[in-house]
Amino acid sequence: MAAITFEHISKRFGSVNANSDVSFSVNKGEILALLGENGSGKTTLMNMLSGIYYPDEGRILVDDKPVSIRGPRDAYALGIGMVHQHFKLVDVFTAAENLVVGLDPDKKLDRKAIAADIKEICDKYQFDVNPDKKVYDMSVSEKQTLEIVKVLYRGANILILDEPTAVLTPQETERLFRVLRNMKQDGKTVIIITHKLHEVLSISDRVAILRKGEYIETVDTADATEEKLTELMVGKKVDLEIERPEVKDKKLRLEIRNINCINSEGVKILKDISFDVYGGEILGIAGISGNGQKELLEAIAGLEQIEEGGSIKYHAPDAKEAVEMKGMTPRHIRELGVHLSFVPEDRLGMGLVGSMGMTENMMLKDYSKGRGVFTSKKAPRELAEKIKEELEVVTPGVTTPVRRLSGGNVQKVLVGREIAASPTVLMTAYAVRGLDINTSYTIYHLLNEQKKKGVAVIYVGEDLDVLLALCDRILVLCGGQANGILDGHTADKQEVGRRMSVIVEEKDGEGHE
Amino acid sequence: MNEPLLRIVKNEAMSFKKKVLIRAVAVILALLVCGIVITLITGYNPVTVYVTMTQGAFGTKTRAWSTVKEMLMLSCIAIGLAPAFKMKFWNIGAEGQILVGGIVSAGCMIYLAKIGNAGLFILMFLLSALAGAVWAFLPALFKAKFNTNETLFTLMMNYVAIQLTSYFVAKWENPIGSNTVGVINQSGHEGWFPKICGSQYFISLIMVLVLAVFMHIYLKYTKHGYEIAVVGESENTARYAGISVTKVVIRTVLLSGAICGMAGFMAVAGASHTISTSTAGGRGFTAIIVAWLAKFDSATMILISLLLAFLESGSSEIASKCHLNDFASKIVIGIILFFILGSEFFINYKLIVGKKGEKK
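Residues numbered from 1 in each chain as written. Chains lettered and ligands numbered in written order. Predicted model: local features only at pLDDT ≥ 70, side-chain atom pairs only at ≥ 80, totals over all residues. Heavy atoms only, no water.

Asks: Outline the environment of D239(A), listing residues and values.
Replies: Following the sequence through the fold, D239(A) ends up in the loop between helix 8 (226-234) and strand 11 (251-262). Each C-alpha atom, one on D239(A) and one on Y441(A), is 9.3 Å from the other, the two residues being 202 residues apart in sequence. (Helix = DSSP H or I, 4+ residues; strand = E, 2+ residues; numbered from the N terminus.)

Asks: Could you give an account of the pattern of salt bridges, with specific residues and numbers?
Replies: Overall, the coordinates contain 36 salt bridges over all chains when judged by the stated rule. The partner of R403(A) in a salt bridge is E233(B), with the nearest N and O atoms 2.4 Å apart. In this pair, R403(A) sits in the loop between helix 13 (378-390) and helix 14 (407-420) while E233(B) sits in helix 8 (residues 223-233), so the two residues belong to two different chains. Taking relative accessible area as the criterion, R403(A) reaches 48% and is therefore assigned partly exposed. Taking relative accessible area as the criterion, E233(B) reaches 23% and is therefore assigned partly exposed. Each of K250(A), E281(A) and R473(A) takes part in salt bridges that share partners, so that together they form one network. (Salt bridge = Lys/Arg side-chain N within 4 Å of Asp/Glu carboxyl O. Buried < 20%, exposed > 50% of the residue type's maximum accessible area, 1.4 Å probe, protein only.)

Asks: Explain the interface of chain A and chain B to me, and be specific about the residues and the numbers.
Replies: At the interface, 45 residues of chain A touch 32 residues of chain B. For the pairing of chain A and chain B, the buried interface totals around 3,100 Å² over both sides, and the portion due to carbon and sulfur atoms is 53%. At the boundary of chain A and chain B, one finds one salt bridge. For the pair chain A and chain B, the interface holds 22 residue pairs in polar contact (both at pLDDT 80 or more). Counting residues per element, the ones that place at least two in the side of chain A that touches chain B are strand 4 (57-62), strand 5 (65-67), helix 10 (330-335), helix 11 (347-351), helix 12 (358-362) and helix 14 of chain A. Among the elements that make up the side of chain A that touches chain B, the one with the highest residue count is helix 11 of chain A (four residues). (Contact = heavy atoms within 4.5 Å. Buried area = accessible area lost by both parts, 1.4 Å probe. Polar contact = N/O pair within 3.5 Å; in protein donor to acceptor, adjacent residues only side chain to side chain.)

Asks: Break down a nonpolar patch on the surface for me, with residues and values.
Replies: Residues and elements named next belong to chain B. A surface patch of nonpolar side chains, amounting to about 780 Å² of accessible area, comprises L5, L6, I8, F345, F346, Y349, L351 and V353. Secondary structure elements with two or more residues in the nonpolar patch: strand 1 (6-10), helix 13 (326-348) and strand 2 (349-353). Broken down by element, the nonpolar patch gets its largest block of residues, three residues, from strand 2. Mapped onto the elements, L351 comes out in strand 2. Using a relative accessible area of 39% as the deciding quantity, one classes L351 as partly exposed. (Patch = residues over 30% accessible without salt bridge, like charges linked within 9 Å, V, L, I, M, F, W, Y side chains within 5 Å. Areas by Shrake-Rupley, 256 points an atom, 1.4 Å probe, with all protein chains shown as cover.)

Asks: I'd like a description of the sheet that holds strand 9 (residues 206-211) of chain A, backed by residues and values.
Replies: Residue and element names in this part refer to chain A. If you walk across this open sheet you meet the six strands as 6-7-8-3-9-10, and the pairing is mixed. Among the strands making up the open sheet, the edge pair consists of strand 6 (80-83) and strand 10 (214-220). The sheet shows a mean angle of 20 degrees between the axes of neighbouring strands, taken without regard to direction. With respect to the sheet, helix 1 (residues 42-49) is in contact with strand 3 (31-35), strand 6, strand 7 (158-162), strand 8 (189-194) and strand 9, its orientation differing from that of strand 8 by roughly 150 degrees. Of the strands in this sheet, strand 6 and strand 7 are in contact with helix 5 (residues 140-153), which crosses strand 6 at around 170 degrees. (Pairing = 2+ DSSP bridges. Axes fitted to C-alpha atoms, helices over the stretch in contact; angles between N-to-C directions.)

Asks: If you had to explain the environment of I285(A) to someone new, which residues and values would you point to?
Replies: All names here are of chain A. Relative to the elements of secondary structure, I285 occurs in strand 13 (residues 282-286). Overall, I285 belongs to the buried group, its relative accessible area being 0%. Residues I285 and L467, 182 residues apart in the sequence, show an inter-C-alpha distance of 8.0 Å.

Asks: Summarise the pairing of strand 3 of chain A; cite the residues concerned and give the values.
Replies: When you tally the buried positions in strand 3 of chain A, you get five out of five residues, the bulk of the element. Across the two faces of strand 3 of chain A the burial is the same, with I31(A), A33(A) and L35(A) and L32(A) and L34(A) all buried.

Asks: Could you give me a rundown of the packing of helix 11 (residues 283-293) of chain B against helix 12 (residues 298-321) of chain B, with the residues and numbers involved?
Replies: Residue and element names in this part refer to chain B. Direction vectors running N to C along helix 11 and helix 12 enclose 135 degrees, while the axes themselves pass 8 Å from each other. By the angle between their directions, the pair helix 11 and helix 12 is classed as oblique. Judged by the sense of rotation from one axis to the other, the crossing of helix 11 with helix 12 is right-handed. Residues T286, V290, A291 and L293 of helix 11 form the contact with helix 12, whose participating residues are M301, I304, S305 and L308. For the contact of helix 11 with helix 12, the class distribution of residues is six nonpolar, two polar and no charged. (Parallel < 35°, antiparallel > 145°, perpendicular 65-115°, else oblique. Left-handed = near helix turned anticlockwise from the far one by under 90°. Nonpolar A, V, L, I, M, F, W, Y, C, P; charged D, E, K, R; others polar.)

Laid out in structure tokens, this is it:
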């Protein structure tokens, strides 16, 4: 019996067809993985189920009856609950308060009853939630658990999870999957959105595949392989092998010693970090998000205030003396002759100016080169045209605001500009986040090209499989501390995952080369 | 099933032609609605009313120049506000900056009448710009150093400026007991803009045109303009690019305040030849609408200023001709602005009624 049936669902945003004529059904009591690349319309489709959007065409059936879901309230009434990728919790409320917020306003807040209900749900599915803990004190994984409990508390029989594992360590993911299996046993229907293939294979019963807003087909997980799923998802055969060229001629570029940072809230976000960066290799940085990755790169780039002590020494390819670049502004660092390129995590909020076209974005770091008081747009325009052509950036023109481009194209513009500056050190933060498979592989390829040229590449990533396949060495951050540097060729995923969550006492020689 | 009746959908990028069309429709609709309102209140034929409005604004040479004078003031202030607003610095303090510019100009006219017109003009020009810049500098400094809220700060600077003006009005009172400064240098016209091409507003016109061209080039083609655009979009991007946000904020707001101060100079030397607390007369706020509607484009700012000036003088004409009070004309202006601003919604979004393509 079908829990949910989509019939000819279409949804457009302006000229973009987010979903066109999607029809399929989800069986009762199964775990269905909804698979597709970014922009394939997975989230849009699920948002129509949870009442965030309303379909332009087509209809949705719940338990074989046509329904009209006009808002989240309607969805809850039908027993549909969604855990969004970006949590929808009130930070200053406790877990219990978050559960009841938005429910019947006339009802008295009975903390005891809520706590009892929470306990019942937790016992049933093996969760662990403290009803009196404030959300701002919770870890990402705790928040996610709370979101799931919230959905169950409100009586959902159909759960939708939007990329729940993106923010979890391998261990936490395993725990989540156990819970999902418990729910399935209890007769709940689960839809999980993801684009991690091995997770799809390990958790789901069936896989529904979307591509560019269209429904492709549903396959039984038992018959699926990673290769087959990728092919269905992308529409052609893709080589999933990430190349890792041999490291030749490794040269010391950055010597980072005892860096400490305190963020604007007064929290010590980097603790006594030391490591070396070599030209000709890719250094990966792994860690649960928010464990200092962002601050570390920004500290090196001169964008984050570094506490007293410590040093960042740069060894230029042709210089004998190293230069100290700690505590300098980005402009100073450039004027020192350090060719440091940086692809920040926040592409449109830091790396690019969204309202400007490609041309004007090309001049972001060297607009001062123009004659006198005026800017010169000739060279940037040529560079923009070149990048547009070489990286196949899809844009109406080099003057179209980059905000209007898709995520992958925005990233191509940013990476293209940073590589065009012929760096000796190239730092990238989550360079492939939100990109489709093809663009991701283009980025890996570009990074490898830089590595072969002798550039020191730093790759902060979240997908451990990619980190282990691409990087020569992996620095693991945990709570703002460097928790070992592992060899990318030999490191194992469980070990990286463990170091992401627990500080490992280093014995001499272990982990280091 | 019950369907939602109305849905709002985001529009794709629209062609220039279509945007102009939507705005034109908005203006026509505004005129129609105004017509209906006017007829309902007064019983006059709306066509006659519009003819009266046009006559009120441009009917005689004097009236035409007076409309132009109003347009020039609004344009000058809007040009001054443009760089600050483009940088997302909410300068609500143009009123105060105009007033201090005006006080300084009036002071020059009163105390330095003897040094001759050429020197007097240069001094008035420079000192009024300086006064406006100083008035804007304080909020800018606090914003850059301590990240204080510039909206409140600039707004409060207005009240300080108004009190300061009252003080000087009392000090320069002429004749004693009138509680006004009266027309300064009535006999010798020292510090008055001379009449050129039959109008005392000609010099103001040239001044505004020069400022408009300057601002257009400054924002579009200079490094400073580029920095303003980057800082306005995102301070993080600016820091990433190596732009000193503090420096750009202070420099830009100084420029903004200086031009608003010049508007005060223009008001005193070029039009009223006196100073009072109503010298700015709310134009510092109206100009904010001008700057935003024009999206900081100089030529568009002048056009919108012209529209507002036309509405202002046209509607006060119908008010007096049709024996309505001044507030009726404000209603007319309100209706027209409502439609113009409302048309932006239809440029960015479209409405879908009911559900299309449901039954297949």
